[in-house]
Amino acid sequence: MKGREKLCAKLSSAFLRKWWIVVAISILFILLGVIVAIFFMSWVRLVINHQIVLKNGSQSFGWWKKPPVIPKISLYIYNVTNADDFLNNGSKPIVDEIGPYVYTESWERKNVQFNENGTVTYNLQKIYQFSEELSAGLEDDVVVVPNIPMLSATSQSKHAARFLRLAMASIMDILKIKPFVEVSVGQLLWGYEDPLLKLAKDVVPKEQKLPYEEFGLMYNKNGTSADNVTVFTGGADITSFGLIDKYNGQSHFSHWLTDHCNSLSASDGSIFPPGITENTTLFIFDKDLCRRLPLRFQKEVQREDGVMAYRFSPPLDVFANVNENPENMCFCPHGPPCAPSGFFNVSLCQFDSPVLLSFPHFYLADDNYRLALDGISPPDPEKHRFYLDVQPMMGTALSARARVQINLAVSQVIDIKQVATFPDIIFPILWFEEAVDGLPDEITSLMRLANDVPPVAHAAITGIVFAIGIILLIVAVWRLVRGANRLSSLHLATGHVGQPPQSKDVQMNNVNRH
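The rules behind each value
Residues numbered from 1 in each chain as written. Predicted model: local features only at pLDDT ≥ 70, side-chain atom pairs only at ≥ 80, totals over all residues. Heavy atoms only, no water. Disulfide = S-S within 2.5 Å. Helix = DSSP H or I, 4+ residues; strand = E, 2+ residues; numbered from the N terminus. Buried < 20%, exposed > 50% of the residue type's maximum accessible area, 1.4 Å probe, protein only. Pairing = 2+ DSSP bridges. Phe/Tyr/Trp six-rings, centres within 6.5 Å; stacked < 30°, edge-to-face > 60°. Lys NZ or Arg CZ within 6 Å of the ring centre and 35° of its normal. Salt bridge = Lys/Arg side-chain N within 4 Å of Asp/Glu carboxyl O. Core = buried A, V, L, I, M, F, W, Y, C linked by side-chain atoms within 4.5 Å. Contact = heavy atoms within 4.5 Å. Patch = residues over 30% accessible without salt bridge, like charges linked within 9 Å, V, L, I, M, F, W, Y side chains within 5 Å. Areas by Shrake-Rupley, 256 points an atom, 1.4 Å probe, with all protein chains shown as cover. Polar contact = N/O pair within 3.5 Å; in protein donor to acceptor, adjacent residues only side chain to side chain. Expected span 1.5 Å × (residues − 1). Arc of directions from axis to C-beta.

1. Some words on the state of the cysteines
Phase 1: Applying the stated criterion across every chain yields a total of 3 disulfides.
Phase 2: There is a disulfide in this structure between C261 and C330, and the S-S distance comes to 1.7 Å. Judged by the sign of its S-S torsion, about -60°, the bond between C261 and C330 is left-handed. Of the two residues, C261 sits in helix α8 (residues 259-262) while C330 sits in the loop between β11 (308-313) and β12 (344-345), which places them 69 residues apart along the sequence. The burial state of C261 is the same as that of C330; both residues are buried.
Phase 3: A sulfur-sulfur separation of 1.7 Å characterises the disulfide bridge that pairs C290 with C349. Looking down the S-S bond of the C290 and C349 bridge, the torsion is 75°, so its handedness is right-handed.

What follows is the structure, encoded as structure tokens:
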């Protein structure tokens, strides 16, 4: 009997030990499921962040150095059709918007040099090729536009001594300079010889000379820029990935009144720090903007290539006057009057030329500026809004429509007869749309993979691990309960069979006691 009890105890101990081990394993699976549920997407982001860091020889670096895209810039020129009538009779100016004149672009970052502080320096090369098949005209088309060098000079002389203005009028009379010029589209964009600039080359002191001998709105931009741009690679801090560290050795502007407005901490528009949310404010910088431009979330878009993107646009008050947006006071260093609402004064970056930027067709500006001229249709946000589509997880720009209008703020100067009848007016010159329609399938396929697979894998792995843990736990508990019942029955049976029989004397004594 004692041997049988030992055997039962041994069996009971082995049985319990086996299923308690199973319980422990099931709990480990459940804990693993919790860890996967919480940290899986963080692990994915760590892998993605490691892959997108700019480092020599990596795939992402190759795409960044020579982007596999073909951007296009489409230009629309405001051709003045009644210049003489406007000057001589004070008629309302009439413009005819002609275009688009389309150029395809190829981009490449040249002279790339990695620095020890986790940054990389480069010069951006842009090559423009005129596309006759995409354009509505030819580069030889002749247009009549305001004479920007002359009108800039006359506007700057408004507060100079009177004899200087009279001398300027005499010089312009001798050189036969008029407020409007007739040039080809190609000349307007890429440069033509201007008599005022030619004169300035000979008489202006060397330290005050302009850095160009011809005038063109895109003069000296077809080729490799001399500007040195230094951006963060993301290797030391992924939250700075793609942001400008220095531009021509400077970490900030000196034009504006606050550090925030002088900051150059922005992207060039191609890459941004990963992990973008709807609450993120993106900043892009271009030298001609003379500032960084904020972009805020507008909506989520599902692109034709299947990649989900966030669309960002400038806030509606980005160029608002200081009454509507007090934060813009920092962009008015000389005090009121500041640029009117809907315009941004870039004269400090354009050699004091009275150039104002706006969105096309005076979008977001007072309608009176558009109605001061005939021939400009009302703005359409779908056609004239500036926007950028970004893949939020990787921070890569997928497509963009950078739309900007160049205007000239013309002032009446009575002492200069050439512009004595010229009213104070903001005259539009042209507007352009720089567009990137999408990335190659090779890149978008990886983006779809990075965007679609991790959430599915997250749910699947979490579910499987949880399921295994719960099933093992249920089975182990069921087996333990069932085994415990069987062992209890076995102990009871063993106890009943093992009682020794009582003798008749003992039984009689028990009866007598009762």
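So, next bit.
2. Quick word on the pairing of strand β15 (residues 396-410)
Phase 1: In terms of burial, β15 is largely enclosed, as 14 of its 15 residues are buried.
Phase 2: Examined bridge by bridge, strand β13 (residues 355-358) and β15 share 4 bridges and lie antiparallel to one another. Bridge assignment links V355 to a residue of β15, and that residue is L408.
Phase 3: Summarising the sheet, strand β14 (residues 387-391) and β15 pair through 5 bridges and their orientation is antiparallel.

3. A few points about the packing of aromatic side chains
Phase 1: Summed over all chains, the structure comprises 26 aromatic pairs.
Phase 2: Relative to W190, the ring of Y103 lies with its centre 5.5 Å away and its plane at 75°, an arrangement referred to as edge-to-face. A residue pair is termed long-range when its members are at least 10 positions apart, and Y103 in strand β2 (residues 95-114) and W190 in helix α6 (residues 185-190) qualify at 87 residues.
Phase 3: Accessibility expressed as a relative area gives 2% for Y103, which makes it buried.
Phase 4: Across the ring face of F344, the terminal group of R291 is positioned such that the distance to the ring centre comes to 5.0 Å.
Phase 5: Over the aromatic face of Y387 sits the side chain of R311, whose NZ or CZ is 3.9 Å from the ring centroid.

4. Notes on the pattern of salt bridges
Phase 1: Under the defined criterion, the tally for this structure stands at 15 salt bridges.
Phase 2: In this structure, D374 and K92 form a salt bridge, with 3.2 Å as the shortest nitrogen-oxygen distance. Of the two residues, D374 sits in the loop between α9 (367-371) and α10 (381-384) while K92 sits in the loop between α3 (83-89) and β2, which places them 282 residues apart along the sequence.
Phase 3: Among the residues examined, D374 registers a relative accessible area of 33% and is labelled partly exposed.
Phase 4: Of the charged contacts, one joins R401 and E433 as a salt bridge, the two residues approaching to 3.9 Å between their closest N and O atoms. In this pair, R401 is assigned in strand β15 and E433 in strand β16 (residues 425-436), connecting sequence segments 32 residues apart.
Phase 5: For R401, a relative accessible area of 17% corresponds to the buried category.
Phase 6: Sharing partners across several salt bridges, the network here consists of K72, R401, R403, E433 and D437.

5. Remarks on the pairing of β13
Phase 1: Here β13 shows a buried face lined by V355 and L357 and a second buried face lined by L356 and S358.
Phase 2: Two elements, β12 and β13, share 2 bridges in a ladder whose sense is antiparallel. Directly across from N345, in β13, lies its bridge partner L356.

6. Digging into the nonpolar core
Phase 1: Counting 118 residues, the largest nonpolar core has I77, F180, F422, F427 and L430 as the members making the most contacts within it.
Phase 2: With residues near it in sequence (within four places) discarded, F422 still touches F86, L87, L151, P179, F180, V410, S411, Q412 and F427.
Phase 3: The next biggest cluster of nonpolar side chains, apart from the first, holds 5 residues, and it includes V22, V23, A476 and L480.

7. Structural notes on a nonpolar patch on the surface
Phase 1: Taken together, the side chains of L32, V34, I35, I38, F39, W43 and L46 define a hydrophobic patch exposed on the protein surface, amounting to about 650 Å² of accessible area.
Phase 2: On the accessibility criterion, I38 (54% relative accessible area) is exposed.

8. Some points on unusual backbone geometry
Phase 1: Here the residue pair G99 and P100 is connected by a cis peptide bond, since its omega of 10° sits within 30 degrees of zero.
Phase 2: Of note, the phi angle at N248 is positive, near 55°, even though the residue is not glycine.
Phase 3: On the basis of relative accessibility, which here comes to 37%, the residue N248 falls in the partly exposed class.
Phase 4: The phi torsion at L364 lies on the positive side, around 75°, for a residue other than glycine.
Phase 5: Its location among the elements puts L364 in the loop between β13 and α9.
Phase 6: Residue classification places L364 among the partly exposed positions, given a relative accessible area of 31%.

9. Overview of the side chain of R109
Phase 1: Along the chain, the position of R109 falls in strand β2.
Phase 2: Within polar-contact distance, the side chain of R109 engages the side chain of S270 at 3.3 Å.
Phase 3: Ignoring anything within four residues of it in the chain, the contact list for R109 reads W64, K65, P67, Y122, N123, L124, D268 and S270.

10. Describing helix α5 (residues 162-175)
Phase 1: The terminal C-alpha atoms of α5, which comprises 14 residues, lie 20 Å apart, in line with the 20 Å expected from a rise of 1.5 Å per residue.
Phase 2: The complete set of buried residues in α5 reads R165, A169 and M172. The arc that holds every buried residue of α5, seen down its axis, measures 65°, which confines them to one face. Away from its buried face, by an angle of more than 90 degrees, α5 presents the exposed residues F163 and I174.
Phase 3: Looking one or two residues past α5, K176 carries a phi angle of roughly 55°, positive in sign.

11. Here's the deal with the environment of A153
Phase 1: Assignment of secondary structure puts A153 in helix α4 (residues 148-156).
Phase 2: For the pair formed by A153 and D352, sequence separation is 199 residues and the distance between their alpha carbons is 9.2 Å.
Phase 3: Excluding its chain neighbours within four sequence positions, the residues that come into contact with A153 are M168 and L196.

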